[in-house]
Structure formats: structure tokens, C-alpha cells
There are 2 protein chains.
Amino acid sequence: MFEDFINNKDTWLSGKGPFSEIIFSSRIRLARNLADYSFPLRANKFQKEKVLKKIEEVHHGTPALKNTLFLRMQDVSELDRQFLLERHLVSQEHVLNFEGKGLVISSDEKISLMVNEEDHLRMQVIFSGFDLKKCWEIVDEIDNEMQKRINFAFLPNIGFLTSCPTNVGTALRASCMLHLPALTFTKRINKILELIAKISFVTRGFFGEGTQALGDFFQISNQISLGVSEAEVIENLSGVVNQVKEQEMDARNLLLKKQKLNLEDNVWRSLGTLQNCRLISSKEALSHLSILSLGLDLGIIDDISREILNSLFLEIQPAHLQKIEGRILKEGERDYIRAQILRDKLGQKND
Amino acid sequence: MFEDFINNKDTWLSGKGPFSEIIFSSRIRLARNLADYSFPLRANKFQKEKVLKKIEEVHHGTPALKNTLFLRMQDVSELDRQFLLERHLVSQEHVLNFEGKGLVISSDEKISLMVNEEDHLRMQVIFSGFDLKKCWEIVDEIDNEMQKRINFAFLPNIGFLTSCPTNVGTALRASCMLHLPALTFTKRINKILELIAKISFVTRGFFGEGTQALGDFFQISNQISLGVSEAEVIENLSGVVNQVKEQEMDARNLLLKKQKLNLEDNVWRSLGTLQNCRLISSKEALSHLSILSLGLDLGIIDDISREILNSLFLEIQPAHLQKIEGRILKEGERDYIRAQILRDKLGQKND
């Protein structure tokens, strides 16, 4: 299953969206619950199944979901569940405790709706680059169409009800995945993360909630969903993301002006390591790919394709390696296959 | 001065002597003092000059020194003094406090006699590989010929007198420079160094007394020179060196059997770093060259010349860089030039 995903040319990691050299992707997620059903955290097997059936039924007749597939997570193999997680299409919770859970997913990976996760519905739309508006248009359309046939839990003066009180209200989370290697290199990143936290925005790692900042990727999202409109949430986040983008651009210019040789040394060493290693962890590979990506943005290296480089950020993850190899790999084997793929895709250097 | 030394094909680092994949070089040093002159540590300027004149005079008529040059160290530039030190032809002491000191040196670098170092004469003969016998033959010949015209300080039942009591007797120090990357990689080296110390042999780093083990090079020499014959000293050292060589060979076989992939990964990464770096310290470069050398010995890489690799061990040193560039380099500049030379000499990799 999902074999074609690896070759999708237009995903959130394609590097084709606006400002995507710094803002890799934009994402909006809406949480919804069915008014007449127990919320997932309190629901038993049968109640969950009822929700699944209801969503499956509605899925068929929703025009905005015409290019999507409805799946029960128990019908998805362990490897494929992990694969979806690595592609940021489902949450860790959806992969680990998959019983009674469902997924609606589009073949271009832009739309994914988790069913019976923390809420009955978690609708995600994700695009390459800085494009929250497009995400909002699509998720809003899906939401509107579904509301015609589903009675969502909603209270006037409060808004949509959710399992976790932090989501009540708009139940909207907007986020952008930023690649901030220059702020990391110049060690300015921590101060910026502090400032972001002070104005009530949240920073997370490459794989979302509770994950580390890997490969200098930082996901910034809104914390507040109550008492503000959807448009305000998106506008506020856009403002913050824009400012961080400017800071990263400043840091890149400063690096080029004051530490060019040092930067070049780092970029070329990362390339040398990736072109020669025989064993490499995903964490180490991500950090070299991040530096390489910066080198490509700044014109230090130019004979590597942006598309190949960006796709490698996912292809070096464990489930991706196994999908590419077409077999289950033991843990020790993965570092070897990962190195092989990196050497293969990044080829020889040409001075 | 010494411009030709860099192109000498048959020095102690040539890798052409017996067992030179592990035992890089063999060296014998004799200390001698002129009976009727103050020893250097107690001599004033005029007394030192007298010794220099005497040696200069004897140098002319000594057949074993026919291809050598007599120099006063004050006539050697600071850069050239450093260059001689890096080539292991003079001691640090001879470079730092060079006044009143002299040097007799052969164009093939095998013979070097320091005048007015700690002793009036420190005669060194050095060869590639495991060849203490050849070193002894030549240094013994020089010593015998000089003794015909110089009255050396000597006491029956004790032997030759020297400034430091640890050298009294034969006044002979024999040493071998061993390259032990596999013992280092497998972390067995410390136990072996402890054992060597227990049986009264001395281990030193790449640049002799008081220096660190760089690039996995270890110089092993005798500690005792009193109450044993020259032949015994050489035989005892040979025995120890042979045993360490066997241990290194065992460690290499073990690595190939049990950690081949890990080793390959290290070798290729070192090559990738050296082929791509833009800034590199001599310490880091030495450690990569050491791993590369092991990789070449074990057939992991094969498209790099042993001669070029070995010559790089010296060419990356500060004075060598400046001789090659033909100008004085500031400290910051050296890391850049060093990286350039390494990329240049190690070229592109061919898979």
C-alpha cells in the first residue's frame, strides 16, 4: 500500500511552494467531534465502530474528498503505519494504538483525516512552502461539506468541543515547518525559540508533538484556539513565521559575510560524509542533509537536485528504507542501507 | 635551504623498508662528548664555538660523512629549523635554543648529527621500515671514524659519559616508530603501552620526547643504556617491536573479521573528509590520514598511492605547508592551505 507516495512530486517536502527554502511546509488541522456519539477517549469498541461507519458513509458523498481513500488502521500493515507517520500523515498515537481508528487520505497526500484519534475527526491539509491560505480553503471546504451531513459537537459562544480543552473553540491548529540551519549554526536559535514561547506560540520538532528538533527543522504553531477567529489564528501565525523567516535570512547573510569559509567547510564535509559513509544513523544523516540544504540555498554547492535532497529527508527514515528495499530490515541493517541510498542519490562530487 | 628534501623518495617515511606498513621507521642515536671540552650545558659561547670548529674540521675528513653538510643553526632560518624538526632531523631543544649549535646532515636525510645539543654530539641514523641493523652499521661506522680523530669522554667499566646520567654507558638509544591504528581502534593500545613501560621500554608520540600520540604513531625505545652492550639493546628492542607488530597484525585481522563494515565506514568517511574539507587542523588531518593508511594496508581503498599518503603525514605540518607555498602563512591561513593540499593530493574518489 502507498507504494506511489514515494514518487509523489508535489508533496509538502517538494520545495516548490512559496519561500520553501526556509518555510518547508504549511499545515492546518481542524478537530471535530460527532455530537451524538461518545468522544473517542471514552468510547468502547462498538461506539468507535459506529463513528467509523458514519464517517465512511459521509466520505462517499463528500465532493471535497473525491480523491481520497477511506481505510481502517487495522487493515494497514505495521510498516505502512510507520511509513504514514514518517510522512507526517498520521500521529504517533494513531500508529501505536491503531484499533478502532480510521484514516481518510488523498493520493497526493495533501489531505489526511484521522478518525477516532483524540477527537472523532482530525482533518489535516498540508502544502509545500508558506501557504496557510490554501490549506485553510481546502480544510474549510471539507469541514463545510461534512457539516451538512454530520451534527458536530458545538456550543454557541464557545465553539467546537474537543477532547482536550486546549483545542476548544475554533479547534484549529495552524503550523509551519521551518528549516533554520543558519540560526542554529550561529546559535541564535534558542533566543528566538524563547521569544516565540513568550508570545504563546509553540515550537516542536521534525515529527511533531514531543519530538526533538532534528535536522534544524522547527514546527511553529498557535497555542490559542478559544476566543479568536480562524482568520486571526492564521494571520497571527503568519506574522510570527514571517519574522522568523527574516531572522533566518539575516543569519544566512551574516554567515556568508563573516564565516563563509567556515560554512563552506561544513557544507563540503557533510557532502563528503554522505557520499562516503558505509553506516549512518537517521539522526546524523538528517543533520548533514540540513547543512547540505543550506549550502544549496546559498550556492555553495550546485550540482545536487533540490528535489532529491528534500526527498532524502524522508527516504532515510526507517519505514521508508524498508518500503524502498521492499523488505523488513533489522535495526543494524538500516544504517547500512541508509548509507547506500545516500551515496547512490548524492553521487560523486564534481569540483 | 633543504628545498629538495620534500621530494626525497627514500626517507624514513617512504614506506619502502621491511614491514613498513606497521613499523614506519627505525632509528639509532649515539651520544658523544669531547673529553677536553666543557659539556654543552656548562659551556659558554666561546667553548661551544670551539666544539663547533672541531666538529667542522673532523667532518671534512670523515669518509662516512662524505655526503653530508656542516651547518651552524644560526645560519638556518626559523622556518627551516621548524622544517627540520618536523622531518625528525633535529630536536625541539635544537630549534628553540639554536645559538652555538650545529648540524651535520646528509642530503638523503638518513644521517643527522646535532652538535652542542644536550651532548656535544648526537648522531642519528634513520631508515624506513624495521631495519635497526642498517642504522647501527652506519652510525657505528661514523662513530669509529670520528673516534680516530676525537678523544671522546669515556670511562672503562662505565662507558661513554653524557650530560644526562640515563644515557651513560653505551649512550645508545634505539627506537622504532610504529603505526598502530588497529590497536587504537580496538582500544587495546593502552594495555600494551602499560606492558611496554613495565619491561623498561619507553613510548613516545609522533614528535618524540614529551609529545602526544598523533595519528596513532608510537615511538618505542630502550630506556637502559648502562651495563648492556649495543647489540643487546638492539636485540631487546627488536624483540619488543616484533611483539607489538604481531599484536597490531592480530588486531587488524580481528577488525577485518568482526568489524569490517565499521572499519570500512571509518576509512571512507576519513577519505570523504580529506577530499572535501576547506579548513583542517594538522591534528585532525593526521588522524584521518592514519585511518586511511590502515584502509590502504587492508585493501579497503586502493586508488591512493602509499608514497603520497605517507608524504602527507609531514606535508601537512606548519613548516612544510609554508615551504610548499613558498611563503610565511599566518596561523589561520594554514588550515585553509592544508585542506587545499589534502584535496589536491588525494583527488577524487573512484568507487
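Structure report, in brief. Here the structure is a predicted model, which is why all the values come from computation and not from measurement. (Residues numbered from 1 in each chain as written. Chains lettered and ligands numbered in written order. Predicted model: local features only at pLDDT ≥ 70, side-chain atom pairs only at ≥ 80, totals over all residues. Heavy atoms only, no water.)

## Things to note about the pairing of strand S5 (residues 121-128) of chain A
If a strand is regular, its side chains alternate between the two faces of the sheet. Residues and elements named next belong to chain A. Judged by how many residues are buried, S5 sits mostly within the fold: 8 of 8 residues are covered. Going residue by residue along S5, you find Leu-121, Met-123, Val-125 and Phe-127 tucked away on one face and Arg-122, Gln-124, Ile-126 and Ser-128 tucked away on the opposite face as well. Sheet analysis places strand S1 (residues 23-32) next to S5, joined by 8 bridges and oriented antiparallel. Bridging across to S5, Ser-26 finds its partner in Phe-127. Direction of pairing for strand S4 (residues 111-115) relative to S5: antiparallel, over a ladder of 5 bridges. Residue pairing for S5: Ile-111 is matched across the bridge by Val-125. (Buried < 20%, exposed > 50% of the residue type's maximum accessible area, 1.4 Å probe, protein only. Helix = DSSP H or I, 4+ residues; strand = E, 2+ residues; numbered from the N terminus. Pairing = 2+ DSSP bridges.)

## Brief notes about the interface of chain B and chain A
Contact residues are listed per partner, giving 19 residues for chain B and 19 residues for chain A. Where chain B touches chain A, the interface holds 2 salt bridges. A salt bridge links Glu-284 of chain B to Arg-269 of chain A; the nearest nitrogen and oxygen atoms lie 2.8 Å apart. Along the contact surface separating chain B from chain A lie 8 residue pairs in polar contact (both at pLDDT 80 or more). Counting residues per element, the side of chain B that touches chain A draws most heavily on helix H8 (residues 260-276) of chain B, which supplies 10 residues. (Contact = heavy atoms within 4.5 Å. Salt bridge = Lys/Arg side-chain N within 4 Å of Asp/Glu carboxyl O. Polar contact = N/O pair within 3.5 Å; in protein donor to acceptor, adjacent residues only side chain to side chain.)

## Details of the packing of aromatic side chains
Inspection of the entire model under this criterion finds 12 aromatic pairs over all chains. Ring centres of Phe-217 of chain A and Phe-313 of chain A lie 4.9 Å apart, and the angle between their planes is 85°; this geometry places the pair in the edge-to-face category. Here Phe-217 of chain A, found in strand S10 (residues 217-222), pairs with Phe-313 of chain A, found in helix H10 (residues 306-315); they are 96 residues apart in sequence, far enough to count as distant. Of the aromatic side chains, those joined through ring pairs into one cluster are Phe-24, Phe-217 and Phe-313 of chain A. Positioned above the aromatic ring of Phe-19 of chain A is the side chain of Lys-245 of chain A, whose terminal nitrogen or guanidinium carbon lies 3.6 Å from the ring centre. Its end group placed over the ring of Phe-160 of chain B, Arg-32 of chain B keeps NZ or CZ at 3.5 Å from the ring centre. (Phe/Tyr/Trp six-rings, centres within 6.5 Å; stacked < 30°, edge-to-face > 60°. Lys NZ or Arg CZ within 6 Å of the ring centre and 35° of its normal.)

Keep in mind that these numbers describe shape and distance, not what the molecule does.
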